[in-house]
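One letter stands for each residue in the lines below.
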Amino acid sequence: MTAVPDEPEAVTPFSKAPPGDASIEPDTPLSENDDATISFAKRLAHNDKQIREAALKKVKRWLVTKSKHGTLDYANIIKIWKGLHYSMWYSDKMLTQEALALDISQTILLFSDKDHAVNFFSGFCETIAREWVGIDRQRLDKYYMFIKTALKSVLEFCQVNKWDDAIVEDVVTVLDVRIINSTCPDSIAVFISEQFYSVFSEFYSAAVPSLFVTKLLIAYITAISKTPKRDLNRVIMTNLFTPIKSSEVNFNIDVKLLLDHIYTVSTHSDILTRNRKLLYKLRSELSTVFGGHDISPLGKRKAENGDENTDSKRKVENGDENADSKLKVENGDENTDSNIDNGVVATKTKKEKSTDCDSALIPLLSVSRA
């Protein structure tokens, strides 16, 4: 009988427990029903700092290797993020926490597969949203710092990939679905709205396309249209749209796309009246700021017939067919105003109006002198 050679021992991540890890028996390979990610998660959440640091290095190599072979699925990423979350939980001292947050967040730059990189960021957003309610007050600050660091890293990821439209769309969709318009606590979305402009300015240049900022603003517009919370709307408006109206920020924005979305969500039948009024007002103010990108209160865009000096006439449909309408005539005579009143046109130049006003003031001046 021919002897069958021994099969080489399967190489399994963390086949040996790190020194001092009494919770996992050494030299114990993972069982068939076990998953490498569970072993990673246990070590990432260990209370020994050296074990956590060693685990993080191996996790990063494991993620990159799985990504290269195309065998990294989202379920694995979520399990890994459970451990990464608690790795931050046990981290003490500010400098150590900042270094850990950066080390974890920068993992997104290591993936050769861009979809896996976006999924890694999605795993962070899903995990932080799910675990947020369990974070005590003493740990909130470091998790806020973690969110800001992750936001910086994902913007750097977009920058490295030259702000590719598909990648930007995917990243903003993750923020939209996982954070901004999800069931997670409002404080996360509010914090991102508060920090976004300062973080984005670190990566911004005139060459950066408008897509990221525009899509993010659109996501928050949707949130404003849906929420019944007045305070949430007020804070979002203050953080994101007040700086635009006051010209404090000057990023590239697709104005037409933004205004069109405001109109679309404003006309939904289930929107609260106060939210609709708020969005109509915002649209009007943004239209004024950007100049020339006007949309009527009814949402009907002005006719574009090539004549920039001609305004289209609109009939006021409010049940009264004889309703008065005012039309400003811009025909080259900038000093002439025309009022249409029941078919009778009364035209006065600005000089004539000034004379009328002076004559009307004469009796008042006489009384004052007397």
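Since this is a predicted model, take the numbers as computed values, not measurements.

## Comments concerning the overall build of the chain
Consideration 1: Counting its secondary structure elements, the chain contains 13 helices and 2 strands.
Consideration 2: Partitioning the contacts of the chain with sequence separation of at least 6, the portion at a separation of at least 24 is 66%.
Consideration 3: Per element, the accessible surface of the chain, about 22100 Å² overall, is 51% carbon and sulfur.

## Details of the confidence of the model for the chain
Consideration 1: Mean pLDDT over the chain: 78, with 69% of residues reaching 70 or higher.
Consideration 2: In this model, residues 1-34 is a region of pLDDT below 50 whose contacts with residues beyond four sequence positions or in other chains number 32 contacts.
Consideration 3: Note on residues 294-370: pLDDT under 50 across the span, and 52 contacts to partners over four residues away in sequence or across chains.

## Some words on helix α5 (residues 114-131)
Consideration 1: In a regular helix each residue adds 1.5 Å, so 18 residues correspond to 26 Å; α5 covers 26 Å between its end C-alpha atoms and thus fits that length.
Consideration 2: Within α5, 13 of the 18 residues are buried, which leaves the element mostly enclosed by the surrounding structure.
Consideration 3: Capping the start of α5 is the job of one residue whose side-chain oxygen sits 2.8 Å from the backbone nitrogen of Asp-115: Asp-113.

## Observations regarding the state of the cysteines
Consideration 1: Across all of its chains, the model carries 0 disulfides by this definition.
Consideration 2: Counting only cysteine sulfurs, Cys-184 is the nearest neighbor of Cys-125, a cysteine outside any disulfide, at a range of 9.0 Å.

## Observations concerning the environment of Val-199
Consideration 1: With respect to the helices and strands, Val-199 occurs in helix α8 (residues 186-200).
Consideration 2: Take Val-199: its relative accessible area is 0%, and that puts it in the buried class.

## What to know about the environment of Thr-65
Consideration 1: Looking at where Thr-65 falls in the secondary structure, it is placed in helix α2 (residues 49-68).
Consideration 2: For Thr-65, a relative accessible area of 41% corresponds to the partly exposed category.
Consideration 3: Thr-65 sits 47 residues away from Ser-112 along the chain, and the two C-alpha atoms are 9.6 Å apart.

## Re the nonpolar core
Consideration 1: Grouped together as the largest cluster of nonpolar side chains are 90 residues, with contacts concentrated most on Phe-212 and Phe-241.
Consideration 2: In terms of residues, this core owes the most to one element, helix α9 (residues 211-226), which gives 11 residues.
Consideration 3: Once residues within four sequence positions are removed from consideration, Phe-241 is found in contact with Leu-217, Ile-221, Ile-224, Ile-236, Leu-282 and Leu-286.

## Topic: the packing of aromatic side chains
Consideration 1: In this structure the tally under the stated criterion is 21 aromatic pairs.
Consideration 2: Relative to Phe-146, the ring of Tyr-143 has its centre 6.5 Å away and its plane inclined at 45°; by these criteria the two rings are tilted. In this pair, Tyr-143 and Phe-146 are both assigned in helix α6 (residues 137-160), 3 residues apart and thus about one turn of the helix distant.
Consideration 3: Ring plane angle 25° and centroid distance 6.1 Å describe the contact between Phe-200 and Phe-212, whose orientation is recorded as stacked. Linking Phe-200 in helix α8 with Phe-212 in helix α9, this pair joins segments that are 12 residues apart in sequence.

## A closer look at the packing of α9 against helix α11 (residues 255-266)
Consideration 1: With their axes 10 Å apart at the nearest point, α9 and α11 run at an angle of 15° to one another. When the axis of α9 is compared with that of α11, the two are roughly parallel. Our pair here, α9 against α11, has a crossing hand that is right-handed. Seen from α9, the contacting residues are Thr-214, Leu-217, Ile-218, Ile-221, Thr-222 and Ser-225; seen from α11, they are Leu-257, Leu-258, His-261, Ile-262 and Val-265.
Consideration 2: Each residue belonging to the contact of α9 with α11 can be placed in one class, and the counts come to 7 nonpolar, 4 polar and no charged.

Rules used throughout
Residues numbered from 1 in each chain as written. Predicted model: local features only at pLDDT ≥ 70, side-chain atom pairs only at ≥ 80, totals over all residues. Heavy atoms only, no water. Helix = DSSP H or I, 4+ residues; strand = E, 2+ residues; numbered from the N terminus. Contact = heavy atoms within 4.5 Å. Areas by Shrake-Rupley, 256 points an atom, 1.4 Å probe, with all protein chains shown as cover. pLDDT = per-residue confidence, 0-100. Expected span 1.5 Å × (residues − 1). Buried < 20%, exposed > 50% of the residue type's maximum accessible area, 1.4 Å probe, protein only. Polar contact = N/O pair within 3.5 Å; in protein donor to acceptor, adjacent residues only side chain to side chain. Disulfide = S-S within 2.5 Å. Core = buried A, V, L, I, M, F, W, Y, C linked by side-chain atoms within 4.5 Å. Phe/Tyr/Trp six-rings, centres within 6.5 Å; stacked < 30°, edge-to-face > 60°. Axes fitted to C-alpha atoms, helices over the stretch in contact; angles between N-to-C directions. Parallel < 35°, antiparallel > 145°, perpendicular 65-115°, else oblique. Left-handed = near helix turned anticlockwise from the far one by under 90°. Nonpolar A, V, L, I, M, F, W, Y, C, P; charged D, E, K, R; others polar.

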